[in-house]
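Analysis of the macromolecular model
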Amino acid sequence: PAPGGRVVVAGSRAGCGPLVSRRADGGTSRQDTVPTSCWGCRFAAELGPDRWLVFSHHRVDSWSRGADGRWTYVYYYYGEPYDVAMSPASGLAVPIGSYAGTAGVPVFSAASAEPAYRLTGFREAWGAQFTDDGDTLYLAGQPMDSTRSQAGVLAVVRARDGEVLRSATAWDGTGSLVLDPVQPWLYLVGHDRGWYRAAKVLDRRTLRPLAHLVAPPASEPPGVLYPMLDAARR
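Scope of this entry: the structure provided in the associated data block. (Residues numbered from 1 in each chain as written. Predicted model: local features only at pLDDT ≥ 70, side-chain atom pairs only at ≥ 80, totals over all residues. Heavy atoms only, no water.)

Looking at the packing of aromatic side chains
According to the stated counting rule, one finds 4 aromatic pairs in the structure shown. Where W63 meets W71, the ring centres are 6.5 Å apart and the plane angle is 75°; that geometry is what we call edge-to-face. Here W63 falls in the buried class, since its relative accessible area comes to 3%. Taking the centre distance of 4.6 Å and the plane angle of 35° together, the rings of W63 and Y73 count as tilted. With W63 in strand β6 (residues 59–65) and Y73 in strand β7 (residues 71–77), this pair connects stretches of sequence that are 10 residues apart. In textbook terms, an aromatic cluster arises when at least three aromatic residues are bridged by ring pairs, as seen for W63, W71 and Y73. Over the ring of W171 we find K200; its NZ or CZ atom is 5.4 Å from the centre of that ring. (Phe/Tyr/Trp six-rings, centres within 6.5 Å; stacked < 30°, edge-to-face > 60°. Buried < 20%, exposed > 50% of the residue type's maximum accessible area, 1.4 Å probe, protein only. Helix = DSSP H or I, 4+ residues; strand = E, 2+ residues; numbered from the N terminus. Lys NZ or Arg CZ within 6 Å of the ring centre and 35° of its normal.)

Written as structure tokens, this is what we have:
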């Protein structure tokens, strides 16, 4: 992902290559050659000009380029990152993965290689999404004082500083979080015990559960599920 509806393309012929930010309609692209080894890298995200996050097995590398043209990075431990939630308006990004450590889940910005702040009440982020105006972050994850087998927390967070405005118990099978673009609904998508793929629907104004949808059991573990909303019917 990249700002303004752009996407990042990471290309390589010999284990490392430039990161390219390209418009989804095939228009102009922007290329930054980030001086990092791409071996083991899983995906990247552009926060702004000369600001990148590069995700690999147990880490997030936060890259920035100074006025002298030199690249520097700060390394952060993060267990098994598999996604990133990016604000469409405020240049913020939240890694999604299995373990952020005892310092809390970092929230990065375009302004600095250091996190803008940390969500200190969470040790894992299972799913997250910003509202279209960038003001609010919805996040489901594991609280700092619990284990993955216990219920998580669904939090409504003020994006500019990380203050939790409302919270409720979150389904412990959550693997992704999606906001409905038209209705005031929120979807938690993941799997119940027994490899049942499932989704829970909540009213995001009250965080009250509305529905629980379950698919037939799978023959193998479901892995990471990426929900996509029907573009025609919303």
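Side note on the environment of W195
Mapped onto the secondary structure, W195 falls in the loop between β17 (185–192) and β18 (196–203). A residue is classified by how much of its surface remains accessible, and W195, at 36% relative accessible area, is partly exposed. In the structure, W195 is positioned 21 residues away from P216 in sequence and 8.7 Å away in space, judged by C-alpha atoms.

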